[in-house]
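Chains, contacts and geometry: an overview
The residues making up each chain are set out below.
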Amino acid sequence: VQLQASGGGSVQAGGSLRLSCAASERTFSRTGMAWFRQAPGLEREFVAGIMWSGGTTDYADSVKGRFTISRDNARSTVFLQMNSLKPEDTAVYYCAARLGGTLVYRTARYYGYWGQGTQVTVSS
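1. Observations concerning the environment of S70
Structurally, the position occupied by S70 is in strand 7 (residues 67-72). Taking C-alpha positions, S70 is 8.8 Å from G49, a pair spaced 21 residues apart along the chain. With residues up to four places along the chain from it excluded, the contact list for S70 reads I50, T77, V78 and F79.

2. Focus: the state of the cysteines
For the coordinates displayed, the defined rule picks out one disulfide. Here C21 engages in a disulfide with C95; their sulfurs sit 2.1 Å apart. Its S-S torsion of approximately 60° makes the covalent link between C21 and C95 right-handed. Taken together, the positions of C21 in strand 3 (residues 17-23) and C95 in strand 9 (residues 91-99) put the pair 74 residues apart, joining distant regions of the chain.

3. Some thoughts on the side chain of D89
Take D89: it is sitting in the loop between strand 8 (77-82) and strand 9. Here D89 falls in the buried class, since its relative accessible area comes to 1%. In this structure the side chain of D89 is engaged in a polar contact, spanning 2.8 Å, whose partner is the side chain of R66.

4. Regarding the pairing of strand 9
The side chains of a regular strand alternate, residue by residue, between the two faces of the sheet. As judged from the eight bridges shared by strand 4 (residues 31-38) and strand 9, these two strands associate in the antiparallel manner. Within the sheet, the bridge partner assigned to G32 lies in strand 9 and is R98. One ladder, built from three bridges, connects strand 9 with strand 11 (residues 118-123); its direction is antiparallel. Bridge pairing in strand 11 places V92 opposite Q119.

5. Observations regarding the nonpolar core
Core analysis: the biggest nonpolar cluster contains 37 residues, and W35, L80, M82 and Y93 have the highest contact counts within it. Looking at this core, the elements with two or more residues in it are strand 1 (3-6), strand 3, strand 4, strand 5 (45-50), strand 7, strand 8, strand 9 and strand 11. Looking at this core, the element that brings in the most residues is strand 9, giving five residues. If sequence neighbours within four positions are ignored, Y93 has contacts with L19, W35, F36, R37, V47, F67, L80, M82, G117, T118 and V120.

6. Notes on the sheet that holds strand 7
The sheet built from four strands is open, its strands ordered 1-3-8-7 with antiparallel pairing. Across the chains shown, the open sheet's two edge strands, defined by having one partner strand only, are strand 1 and strand 7. Within this sheet the neighbouring strands show an average axis-to-axis angle of 15°, counted without direction. As paired elements, strand 1 and strand 3 share four bridges and run antiparallel to each other. Across the sheet, residue Q4 finds its bridge partner in strand 3, namely A22.

7. Quick word on the pattern of salt bridges
A full pass over the atoms with the stated rule returns six salt bridges. Residues E45 and R37 are paired through a salt bridge, measuring 2.6 Å at the closest nitrogen-oxygen approach. In this structure E45 comes out as partly exposed when scored by relative accessible area, which is 36%. One salt bridge connects D58 with R106, and the closest N-O pair in it is separated by 2.6 Å. Here the residue D58 occupies a position in strand 6 (residues 57-59), and R106 occupies one in the loop between strand 9 and strand 10 (113-114), the gap between them amounting to 48 residues. Overall, D58 belongs to the buried group, its relative accessible area being 19%.

Definitions and limits used
Residues numbered from 1 in each chain as written. Predicted model: local features only at pLDDT ≥ 70, side-chain atom pairs only at ≥ 80, totals over all residues. Heavy atoms only, no water. Helix = DSSP H or I, 4+ residues; strand = E, 2+ residues; numbered from the N terminus. Contact = heavy atoms within 4.5 Å. Disulfide = S-S within 2.5 Å. Buried < 20%, exposed > 50% of the residue type's maximum accessible area, 1.4 Å probe, protein only. Polar contact = N/O pair within 3.5 Å; in protein donor to acceptor, adjacent residues only side chain to side chain. Pairing = 2+ DSSP bridges. Core = buried A, V, L, I, M, F, W, Y, C linked by side-chain atoms within 4.5 Å. Axes fitted to C-alpha atoms, helices over the stretch in contact; angles between N-to-C directions. Salt bridge = Lys/Arg side-chain N within 4 Å of Asp/Glu carboxyl O.

Below you can see the structure in the form of structure tokens.
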């Protein structure tokens, strides 16, 4: 599975961005997808995840109520709508995929496929 992330950029606090992650694999509809982020000097952290059916999602507490993850299996694409952005949301955002599974996993090692990352910068 090859993943191509896009949609990052620079915004002021309170603004919005929408990230997209396009997958190359036809089995995308059976993959669990997630977004992680990594700020300079910090470990990569879970942001949001979604099961293959789209019926189950999970969010880090820091983004709950502000970010929304969704997917379009017909387009093999997962989205992350980010509203009310804060300077602490500044990071490189990575999409990740996991074939199979029955849960949304918050740990990076459960995901075998990663996109190249897209920079999100939020200024105060």
